[in-house]
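Geometric and topological summary
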Amino acid sequence: MDYFDKIDEYILNRLKGEELEVFESELTKNADLQTAVKQRSKISDAVKYLERKELKKELQAIHGKEIGASKTENKSIITILKPYLAAAAVICIGLLSWWLLSPSNTSTNDIYVSNYAPYKVLNNVRDAAQNAVVDQAWENYRAGNFEAAYLALEKLDNSEIDGQILIAKAISLNEMGLTNKAISTLAIVIENKDPFLLDLANWYIGLFYLKSDNIPQAKYFFQQLANDESADKHQAAKEILNSLR
Amino acid sequence: MVMASSNNRDLLNMIKSPDKSLRNEAFSRIYKEEFDKIRFFVLNNSGSPAEAEDIFQDGMIILYEQVLHGNFKEQSSISTYLFAICKNCWFNKLKKSSTKKEILGLEMDFKEDENLVIDVMIADETTKTLASLIEKLGPDCQKLLKYYYYEKRKMKEIAQLMGLSNDQVVKNKKSRCLKKLKELAEKFPKLRSLYK
């Protein structure tokens, strides 16, 4: 057997049975073969590393197209805010633990029902290419035909999607009984940090967690509103937090 | 949904295709269907949106490699498989993390599969240096080495993909590419221990 001809087959796991045994036996005693196998394995690793790096770039581009801005575009701000985020996390954990230790006397469903009302679409979300779909969606949404509204909103091009549309989608999903999916949709709005819709998204996600009886998560989002005096639902969030104690 | 079997088969064929645009179209479809689920899982288990994106992309790379190397059974659900990989990657990352993080919602039926717990972008200095030299070899050598070592394609298939007359021509070209790489590597002090 020419062992040096078999190196690639060995590192690609193509040698089987007796051939493999003979090769491995030679490998234990032949230093030149050991060096050659090590070199070829490293080349294979390097090719794999390059391809994975390339794939990662392509997936980040797909993320940007299908979901929204990739994390790489926000890296600098994240780096700047890292120490503050860490401090905020410690405070949040403290607050969360404190809330967790306080037993709740009020039914979460009662709180949800008394606070929940579907979001009213205020202005027209316009996009020349998608006008007809948007019109149809809003018509159904305002009429309370949430399933039809959701189906229409789903037809919209994701890359063009507006935060208001996402909120409407989440409300529709919740009305359709798909509260978990509604929560993931609102998470996109929160992640995008749209200054106009962040409070609204925190409010609804809090309510939806309440509806799902996930009190720690609900408290976390209401706390975001309670911490911000300028938030629209600041007072309402504080009251909910009080009643959850 | 991605899990429908005929759709599953179509997606698998697209992923395996050497046509990059078809493969990326499959990636986009999987991304649209599955990302929210993973993000929700990571966000609910002490992770950030950026970490969710990272984990999902690493999971997609692992899925791609499993499909490419024939380790993914056609009847399996892409959705379930991808979720298991991402969950595993995240679990592994949490374990490695120096900060003690709370793991909420990790179902008890989740079993760690050591084979799947991988950090896909980890590489040592030697590997990174060799990778930078491979990038200097030119597009044909890079493509050939990718087909051979990463995609693990047979010589005959590589000949077809690269428009070469037969597998012997591929073997010769591969030898030349590796020889050129060795010449480049020998000039690098970092690689001297490898090419002694």
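Here the structure is shown first, and the text comes after it.
Residues numbered from 1 in each chain as written. Chains lettered and ligands numbered in written order. Predicted model: local features only at pLDDT ≥ 70, side-chain atom pairs only at ≥ 80, totals over all residues. Heavy atoms only, no water.

Examining the overall build of chain B
Scanning chain B for helices and strands turns up eight helices and zero strands. Taken from the N to the C terminus, the helices and strands of chain B come in the order α-α-α-α-α-α-α-α. Counting the 196 residues in chain B, one finds 45% classified as buried. Put simply, 61% of the contacts in chain B that link residues at least 6 apart link residues at least 24 apart. (Helix = DSSP H or I, 4+ residues; strand = E, 2+ residues; numbered from the N terminus. Buried < 20%, exposed > 50% of the residue type's maximum accessible area, 1.4 Å probe, protein only. Contact = heavy atoms within 4.5 Å.)

What about the interface of chain A and chain B?
The interface of chain A with chain B comprises 40 residues on the first partner and 48 residues on the second. At the junction of chain A with chain B, the criterion picks out eight salt bridges. Here B:Arg23 makes a salt bridge to A:Glu58, at a shortest N to O gap of 2.3 Å. The interface formed by chain A and chain B includes 17 residue pairs in polar contact (both at pLDDT 80 or more). Listed by contribution, the elements that provide at least two residues to the side of chain A that touches chain B are α1 (7-11), α3 (31-66) and α9 (179-192) of chain A. Top contributing element to the side of chain A that touches chain B by residue count: α3(A), with 25 residues. Here the side of chain A that touches chain B is composed, by residue class, of 15 nonpolar, nine polar and 16 charged. (Salt bridge = Lys/Arg side-chain N within 4 Å of Asp/Glu carboxyl O. Polar contact = N/O pair within 3.5 Å; in protein donor to acceptor, adjacent residues only side chain to side chain. Nonpolar A, V, L, I, M, F, W, Y, C, P; charged D, E, K, R; others polar.)

Section: unusual backbone geometry
A positive phi angle, near 60°, is found at A:Asn13, a position not held by glycine. Looking at where A:Asn13 falls in the secondary structure, it is placed in the loop between α1 and α2 (17-29). For A:Asn13, a relative accessible area of 55% puts it in the exposed group. Even without glycine at this site, B:Ser46 takes up a positive phi of about 70°. With respect to the helices and strands, B:Ser46 occurs in the loop between α2 (20-43) and α3 (49-68).

Remarks on the packing of aromatic side chains
Evaluation of the coordinates by the stated rule reveals 19 aromatic pairs over all chains. With a centroid separation of 6.0 Å and an interplanar angle of 70°, the aromatic rings of A:Trp138 and A:Tyr141 are classed as edge-to-face. Here A:Tyr141 and A:Trp138 lie together in helix α6 (residues 131-142), a separation of three residues that amounts to about one turn. Each member of the pair, A:Trp138 as well as A:Tyr141, is classed as buried. Plain terms: the ring middles of A:Tyr220 and A:Phe221 are 5.1 Å apart, the flat faces sit at 90° to each other, and that makes the pair edge-to-face. The exposure class assigned to A:Phe221 is buried, which follows from its relative accessible area of 11%. Aromatic rings pair up to connect A:Tyr112, A:Tyr116, A:Tyr204 and A:Phe208 into one cluster. It is B:Arg23 that lies over the ring of B:Tyr64; its NZ or CZ is 5.3 Å from the centre. The positively charged end of B:Lys174 is found above the aromatic ring belonging to B:Tyr148, 4.5 Å away from the centroid. (Phe/Tyr/Trp six-rings, centres within 6.5 Å; stacked < 30°, edge-to-face > 60°. Lys NZ or Arg CZ within 6 Å of the ring centre and 35° of its normal.)

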